[in-house]
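Each chain, letter by letter, is given below.
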Amino acid sequence: TLAESEYKIRDLQEADFGRRELDIAEIEMPGLMAAREEFGPSKPLKGARVMGSLHMTVQTGVLIETLRELGADLRWCSCNIYSTQDHAAAAMVVGGTPTFAWKGETLEEYWWCTNRALTWEDGEGPDLIVDDGGDATLLIHEGFKAEHAFEKDGSVPDPSTTDNEELKCVLTIIRDGLKTNPKRWRSMVERMVGVSEETTTGVHRLIERAREGSLLFPAINVNDCVTKSKFDNVYGCRHSLPDGLMRATDVMLAGKSILIAGYGDVGKGCAQSMKAAGARVMVAEVDPICALQACMEGFQVARVDDVIQDVDIIVTTTGNKDILMADQMAKMKNNAIVGNIGHFDNEIDMAGLYKTPGIKKVDIKPQVARYIFPDGHGVIVLAEGRLLNLGCATGHPSFVMSCSFTNQVMAQLELWAERNSGKYENNVYVLPKVLDEKVARLHLEKLGAKLTQLRPEQAQYIGVSEKGPYKPEGYRY
Ligand code: NAI
């Protein structure tokens, strides 16, 4: 059993419930179970310290236990203040994984958890990180930068210089740590073998760092595995968007006018599910290719400003900022629903809602609030603008997360196996296509699919190997 200082969760009593749901999830996660069977006996992650910053859900629990079975020494936190499933977190602690996560953390608590998950009992950091959105990676990079500045001219980060609440928390942790150990982040970086990143937004952050030459360790982009972004982002959101909307508001979707902002992988899944529920769906896009795709699916492509006064529900899916501003929300119908399913909460101008004088907030229930404008009409905002499928429901279902997380396992194995080979530099890599195909293959049987076997002369005719990969690198699926 873990020492009490080695975890912080809501309630240990929920562990049995967590275990029962983990047992059910395992049956729906054939990729992860196959990884346990294939790699469990040889323990290829033995000796590896793995830190995870990824929604502490039941599905993530199955990932954690898979990595454990492969030999990893783990510590975990969530990558969102609302996404933890407390029973899953409890089951992790009972299973022996130091876990720092509960549903409804404050921002200070969130960053405290991230920091605790990054710090092993001996004070040292991880070898590997499983990141989702890049917050663990960000903390290390900010800490490293601050230590350099401190060493150069004695300067110490000043949290009061930013009005970004998250950055304030990050800088506070780093400032307070500098006093006791001014080389902490540097030695963490020295130890780090690499990170595997789960989501589009985290990958954007990594690529930016690599481009400016500031990335401090190798990274594998798991998001762009086909069996991740073309499944989790699309079909996962197709499932969990309506789930989140309905659990939060129980609103009738049929007949409603719904605007989906962003028609990338996530937006496509969202729009499809709203259409299937009988809604009239509109799409806002900046990319002409995605806009044309939306037209071809029968969706009206419109600008937020032109239609906002008529829509019943708006869902942002862009991974970009400032998609829906406070003054636009003020123009919406009474009790129109506002939600975001993109990674961060800056798609919707929550800051604007908070600071505009005369706007009142009434909590309806956890993660559902009505913001009332001075004239008395209001909008219903889900999960304070944070991802509503994890805040208001339980995120994606196990089966699709099995695809994503099997890729995570492959990435972790690859980074650890190549840790001394020099194969990976401080850059962002994707896994080879054969592994992608393997992940898909592992999920077919469960669905009763019978794959056709390419005959040798057919393989030769189309110029591929009988065993794959079956498509050229640039194929878009
Ligand atoms: P993507 O890049 O495929 O799609 C985003 C789309 O938004 C692009 O087509 C882009 O042109 C469009 N866009 C950008 N700025 C816009 C603007 N101002 N107005 C309208 N459209 C705009 O990215 P993907 O994979 O769809 O991910 C979107 C976000 O969702 C990311 O933050 C990602 O991390 C997150 N995500 C969330 C999940 C969840 O469970 N909630 C699951 C997977 C991803």
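Residues numbered from 1 in each chain as written. Predicted model: local features only at pLDDT ≥ 70, side-chain atom pairs only at ≥ 80, totals over all residues.

1. Considerations on the overall build of the protein
Here is step 1: Looking only at helices and strands, the protein features 19 helices and 15 strands.
Here is step 2: Relative to the 2.2 N^0.38 estimate, which gives 23 Å for 477 residues, the radius of gyration of the protein is 23 Å and therefore close to what a compact globule would have.
Here is step 3: The proportion of buried residues among the 477 residues of the protein is 49%.
Here is step 4: Sequence separation of at least 24 residues holds for 74% of the intrachain contacts in the protein that already meet a minimum separation of 6. (Helix = DSSP H or I, 4+ residues; strand = E, 2+ residues; numbered from the N terminus. Rg over C-alpha atoms; globule rule 2.2 N^0.38 Å. Buried ≥ 20, exposed ≤ 12 C-beta atoms within 10 Å, placed from the backbone. Contact = placed C-beta atoms within 7 Å.)

2. Brief notes about the domain arrangement of the protein
Here is step 1: Domain assignment breaks the protein into domain 1 (4-227 + 396-435) and domain 2 (252-342 + 345-385).
Here is step 2: Centre-to-centre, using C-alpha coordinates, domain 1 lies 30 Å away from domain 2.
Here is step 3: For the side of domain 1 that touches domain 2, the per-class residue count stands at one nonpolar, four polar and no charged. (Domains from an automatic or database assignment. Nonpolar A, V, L, I, M, F, W, Y, C, P; charged D, E, K, R; others polar.)

3. Here's the deal with the pairing of strand β8 (residues 280-284)
Here is step 1: Taking burial as the measure, the five residues of β8 include four buried ones, the bulk of the element.
Here is step 2: As judged from the five bridges shared by strand β7 (residues 257-261) and β8, these two strands associate in the parallel manner. Looking at the pairing, I258 lines up with V281 of β8.
Here is step 3: For β8 and strand β9 (residues 300-301), the ladder comprises two bridges, and the chain directions are parallel. The residue bridging V283 from the neighbouring strand is V301, located in β9. (Pairing = 2+ DSSP bridges.)

4. Quick word on helix α4 (residues 86-94)
Here is step 1: Burial of α4 is extensive: eight of the nine residues sit out of reach of the surface.
Here is step 2: Inspection of α4 places D86, H87, A88, A89, A90, A91, M92 and V93 among the buried residues, and these make up the whole buried set.
Here is step 3: Where the residues of α4 are buried, they touch α1 (15-27), α3 (58-69), β2 (73-77) and β3 (99-100).
Here is step 4: Remark: G96 follows α4 within two positions and exhibits a positive phi of approximately 100°.

5. With respect to the packing of α3 against α4
Here is step 1: Remark: α3 packs on α4, axes separated minimally by 8 Å, with the N-to-C direction vectors making an angle of 20°. Our classification of the angle between α3 and α4 gives roughly parallel. In this structure, the crossing between α3 and α4 has a hand that is right-handed. Residues V58, G61 and I64 of α3 lie in contact with α4, whose contacting residues are A88, A91 and M92.
Here is step 2: Here the residues of the contact of α3 with α4 are counted per class, giving five nonpolar, one polar and no charged. (Axes fitted to C-alpha atoms, helices over the stretch in contact; angles between N-to-C directions. Parallel < 35°, antiparallel > 145°, perpendicular 65-115°, else oblique. Left-handed = near helix turned anticlockwise from the far one by under 90°.)

6. Examining the site of the ligand
Here is step 1: Looking at the ligand, there are 31 residues lining it, with G262, G264, V266, G319 and H343 nearest.
Here is step 2: Of the residues contributing to the shell around the ligand, the split by class is ten nonpolar, 17 polar and four charged.
Here is step 3: Counting contributing residues per domain, the shell around the ligand is built from domain 1 (4-227 + 396-435) and domain 2 (252-342 + 345-385), each supplying no fewer than three. (Near = placed C-beta within 6 Å.)

7. Focus: the sheet that holds strand β4 (residues 128-131)
Here is step 1: With parallel pairing, the seven strands of this open sheet are ordered in space as β3-β2-β1-β4-β5-β6-β15. On the outer flanks of this sheet lie β3 and β15 (428-429), each paired with one strand and no other.

8. Comments concerning the UniProt feature "domain: S-adenosyl-L-homocysteine hydrolase NAD binding" (unreviewed entry) in the protein
Here is step 1: As recorded in UniProt, the sites labelled "domain: S-adenosyl-L-homocysteine hydrolase NAD binding" (unreviewed entry) are residues 233-395.
Here is step 2: Helix and strand shares over residues 233-395 are 35% and 23% respectively, and the end C-alpha atoms of the span are 11 Å apart. (UniProt positions renumbered as here; feature names shortened; annotations may be inferred.)

9. Looking at helix α17 (residues 398-417)
Here is step 1: For α17, with 20 residues, the first-to-last C-alpha span of 27 Å sits near the 28 Å given by 1.5 Å per residue.
Here is step 2: With 19 of 20 residues buried, α17 lies mostly within the body of the structure. (Expected span 1.5 Å × (residues − 1).)

10. What to know about the pairing of β2
Here is step 1: The buried fraction of β2 amounts to four of the five residues, a majority that puts the element mostly inside the structure.
Here is step 2: Here strand β1 (residues 49-53) runs beside β2; their pairing, made up of five bridges, is parallel. Its bridge partner lying in β2, G52 is registered against W76.
Here is step 3: Running through α3, the crossover from β1 to the neighbouring parallel element β2 is right-handed.
Here is step 4: By the bridge criterion, two bridges tie β2 to β3 in an arrangement that is parallel. Residue C77 lies in a different strand from β3, and its bridge partner there is F100.
Here is step 5: Since β2 and β3 lie parallel, the crossover through α4 that links them has a hand, and here it is right-handed. (Right-handed = clockwise from strand over helix to strand, strands pointing away.)

11. Thoughts on the nonpolar core
Here is step 1: Within the largest apolar cluster, 135 residues are counted, with the highest numbers of intra-cluster contacts made by I260 and V338.
Here is step 2: Looking at this core element by element, the count peaks at eleven residues for α17.
Here is step 3: Residues from two domains meet in this core; each of domain 1 (4-227 + 396-435) and domain 2 (252-342 + 345-385) gives at least three.
Here is step 4: What I260 contacts, discounting residues up to four positions off in sequence, is G267, C270, A271, M274, V281, V283, V315 and T317. (Core = buried A, V, L, I, M, F, W, Y, C linked by C-beta atoms within 7 Å.)

12. Observations regarding the confidence of the model for the protein
Low-pLDDT portions of the prediction should not be read for the details of their coordinates.
Here is step 1: When pLDDT is averaged along the protein, the result is 98, and 100% of the positions lie at 70 or above.
Here is step 2: The ipTM for the predicted assembly is 0.99, set against a pTM of 0.98. (pLDDT = per-residue confidence, 0-100.)

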